[in-house]
Amino acid sequence: MTIQVRKPGLSTTVQDSGRTGYYDVGIPPSGALDQYSLRAANLLVGNPAGAAALECVYLGPELAFDADALVAVAGASMVPRVNGEDRPLWESFAVRAGDVLGFGYISAGARAYLAVAGGVDVPEMLGSRSTYALGALGGVDGRQLAEGDRLPVGTPSAGAAGRRVPEDLRPVLSKDVEVRVMMGLYDHRLTDAGRATFLGDTWTLTPVADRIGFRYKGGELETVDREPPFGAGQDPSNIVDAPYPIGSIQVPGSVEPIILHRDAVSGGGYMMVATVLSGDLDVVAQSAPNTRTRFVAVDLDEALAVRAAYRDRNRRLAEALG
Amino acid sequence: MSDVRAARYSWGGDEFLFVELAEEMSLQANFRVVAITKALREQRLDGVLEIQPANASYQVRYDPDVIEPHALLGRLQELEKQIGDAHDLALPTRVLEIPVLYQDPWTTETLMRFRDAHQDPDSTDIEYAARINGFSGVDEFIAAHSGSPWFTSMVGFVAGLPFKYQMVPRDRQIVVPKYLRPRTDTPKQTVGYGGCFSCIYSVRGAGGYQMFGITPAPIYDPTQTLPDFADFMVFFRPGDIVKFTPIDRERYDAYLADVEAGTFRINARPVEFELQPSLDDPDGYNARLLAGLNDGGAA
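Residues numbered from 1 in each chain as written. Chains lettered and ligands numbered in written order. Predicted model: local features only at pLDDT ≥ 70, side-chain atom pairs only at ≥ 80, totals over all residues. Heavy atoms only, no water.

A word on the overall build of chain A
Secondary structure summary: chain A contains four helices and 18 strands in total. Going through the 322 residues of chain A one by one, you find that 58% of them count as buried. Intrachain contacts of chain A at a sequence separation of at least 6 include 75% that bridge at least 24 residues. About 11,700 Å² of surface is accessible on chain A, with carbon and sulfur atoms providing 50% of the total. (Helix = DSSP H or I, 4+ residues; strand = E, 2+ residues; numbered from the N terminus. Buried < 20%, exposed > 50% of the residue type's maximum accessible area, 1.4 Å probe, protein only. Contact = heavy atoms within 4.5 Å. Areas by Shrake-Rupley, 256 points an atom, 1.4 Å probe, with all protein chains shown as cover.)

Following this line, the structure appears as structure tokens:
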């Protein structure tokens, strides 16, 4: 079967669990920014958790189905509609041949994941179907969906309508969030006052919030005086171009921190002062502009405990939908 | 054997371990990065997912549920000791010839659109770079930029973009600041410059490096149609040694026709690079490295 794109939405891309092993040549992992919601949507329709689905940002697409299908939407609160009638979020439902699936306005979060039983079957590139638009790679011709695209769908396994994600396994979507980070990388470039500003201020997400990075407004971070090392550049925030971890927070010009997400540029010359824990990247992914954000510092042991809790939550999700 | 400072290790969240071998850029620091990351790759440690060399630093992405973070840290510290200052290591690599149309119409048109983001709105990027580096003019600057080869010190930023460090002593390094504010546009295959690094933009897009010219040679091809991309969509690898060759518009158009015909290949020869002879006699060693290129002529 194929799905025809009648309206592409604001920025809809094919994403799966991502690609590993090419960041060293500048090809980032890509994949769903909110991996938990991707897994939920896929498990609801009987897909492997990391299968390719559609990531729909702020304003969803309108899609026509040429055959019966089982679908589910998880993540941001963007209510799916079949031929104009509301369908539940976080629950699998059937669409019939000839149906048109659209979305209502977004009321919370930023990214909804539409999974279809069988998965979106675009060709794998470097081991993943995820779209990496900067490199024109993966997805549909390496770009976001456009009107008239036809998305092939794979062969579904056993799945049923009416499967639901229990309430306690759905993320809380809020305009006030805490994001846990590990300080480090080049945080020694900050004074104590600079660190206090970073961890003490409430940061506001700007409209510059896409698959590459999320930029926040707030105070200016005070830096330690120095003689610039050869090759770094004159600005106090410059470093000799270095690799950027996914989730690292860089502060060009010591203002407006940027969290790099899964389509990150792989390296560059701005000091990074902290890294978001891998599981909390889902929280960042569901932040819409103006979301008030506090960065909470944890140490390695705490970070590993957070990671274990995230894995446990995923296990419970898989059990609930198994 | 020269003294090397101890590396600085830092956790990048729960999945990355970042290692800074030196705060300053140097060929030695980069060569150590290449040597350590190459040795680490050969160890094929379970749980190591990505090994990413950069200019004077590198990082490892790993799964802490498979390899305990401090166990990984210990392995990297052992490697640091084992490689030492890397003065006696030889790196099998390639020497490549990249044709460049300096002061081309496309980057010139682009830089004119972004004069308000530039340090010197009244001159072009290359005029500015020549002046602040003490050259008599653009011709002398191009002679220096294309005269000595470059060591590919990092591949990244975006897919397949090489950073290059010129293989000359520090007093002959060209240093140019980045734009005051990044541009929203850079032509594909622009030869750029920021800090002490020359780069080639692999794709069209945002950028902050000064723009000196353009190469007709594709360096990233996700469709893998040209012969240079038969095995992989990214051409450059860390350690590649590059000679920029100035070309005129006629030659540029001829190469472009070869690209369109699907026959273009970058002139490349295998070579073994050793750090110490390069540091002892840069010009003599560079001449020997480049000698092989001339046997085969231009691309």
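A short note on the domain arrangement of chain A
All names here are of chain A. Under the domain assignment used here, chain A contains domain 1 (2–169) and domain 2 (176–313). Here domain 1 and domain 2 have C-alpha centroids that lie 28 Å from each other. Listed per partner, the contact involves 31 residues of domain 1 and 23 residues of domain 2. When the buried area of domain 1 at its contact with domain 2 is split by residue, Tyr-23, Leu-33 and Arg-111 rank highest and sum to 32% of it. The tally of links between domain 1 and domain 2 comes to one salt bridge. For the salt bridge of Glu-55 with Arg-211, the shortest nitrogen-to-oxygen distance reads 2.8 Å. Our enumeration of links across domain 1 and domain 2 arrives at 16 residue pairs in polar contact (both at pLDDT 80 or more). For the side of domain 1 that touches domain 2, the elements supplying multiple residues, two or more each, are strand S2 (12–15), helix H1 (35–44), strand S5 (69–82) and strand S8 (100–116). (Domains from an automatic or database assignment. Buried area = accessible area lost by both parts, 1.4 Å probe. Salt bridge = Lys/Arg side-chain N within 4 Å of Asp/Glu carboxyl O. Polar contact = N/O pair within 3.5 Å; in protein donor to acceptor, adjacent residues only side chain to side chain.)

Some details on the interface of chain A and chain B
In this assembly, 47 residues from chain A lie in contact with 54 residues from chain B. Summed over both partners, the interface of chain A with chain B buries about 4,000 Å², with 62% contributed by carbon and sulfur atoms. Viewed at the interface, chain B and chain A are joined by seven salt bridges. In this structure, the salt-bridge partner of Arg-307 of chain A is Asp-63 of chain B, at a minimum N-O distance of 3.2 Å. The interface formed by chain A and chain B contains 23 residue pairs in polar contact (both at pLDDT 80 or more). Grouping the amino acids of the side of chain A that touches chain B by side-chain chemistry returns 29 nonpolar, 13 polar and five charged. (Nonpolar A, V, L, I, M, F, W, Y, C, P; charged D, E, K, R; others polar.)

A look at a negative patch on the surface
On the surface, Asp-299, Asp-301 and Glu-302 of chain A together with Glu-68 of chain B cluster together into a patch of negative charge. Assignment of secondary structure puts Asp-299 of chain A in the loop between strand S18 (292–297) and helix H4 (300–321). Looking at Asp-299 of chain A, the relative accessible area reads 41%, which means it is partly exposed. (Patch = residues over 30% accessible without salt bridge, like charges linked within 9 Å, V, L, I, M, F, W, Y side chains within 5 Å. Lys, Arg positive; Asp, Glu negative; His and termini not counted. Charge placed at Lys NZ, Arg CZ, Asp CG, Glu CD.)

Digging into the domain arrangement of chain B
Residues and elements named next belong to chain B. For chain B, the assigned domains read domain 1 (8–84) and domain 2 (92–296). Computed from C-alpha atoms alone, the centre-to-centre distance between domain 1 and domain 2 is 27 Å. In this complex, domain 1 contributes twelve residues to the contact, which on the side of domain 2 involves 16 residues. Carbon and sulfur atoms make up 71% of the surface buried where domain 1 meets domain 2, a total of about 1,200 Å² over both sides. On the domain 1 side of the interface with domain 2, the three residues burying the most area are Met-25, Leu-27 and Phe-31, jointly 47% of the side's total. Summed over the shared surface of domain 1 and domain 2, the result is one salt bridge.

Quick notes on the nonpolar core
Buried together is how nonpolar side chains tend to be arranged in soluble globular proteins. In terms of nonpolar packing, the biggest core is built from 194 residues, with Ile-27 of chain A together with Phe-273 of chain B touching the most fellow members. The contact partners of Ile-27 of chain A, leaving out residues within four places of it in the chain, are Arg-19, Tyr-22, Leu-126, Tyr-132 and Leu-137 of chain A together with Ala-159, Tyr-220, Met-233 and Val-234 of chain B. (Core = buried A, V, L, I, M, F, W, Y, C linked by side-chain atoms within 4.5 Å.)

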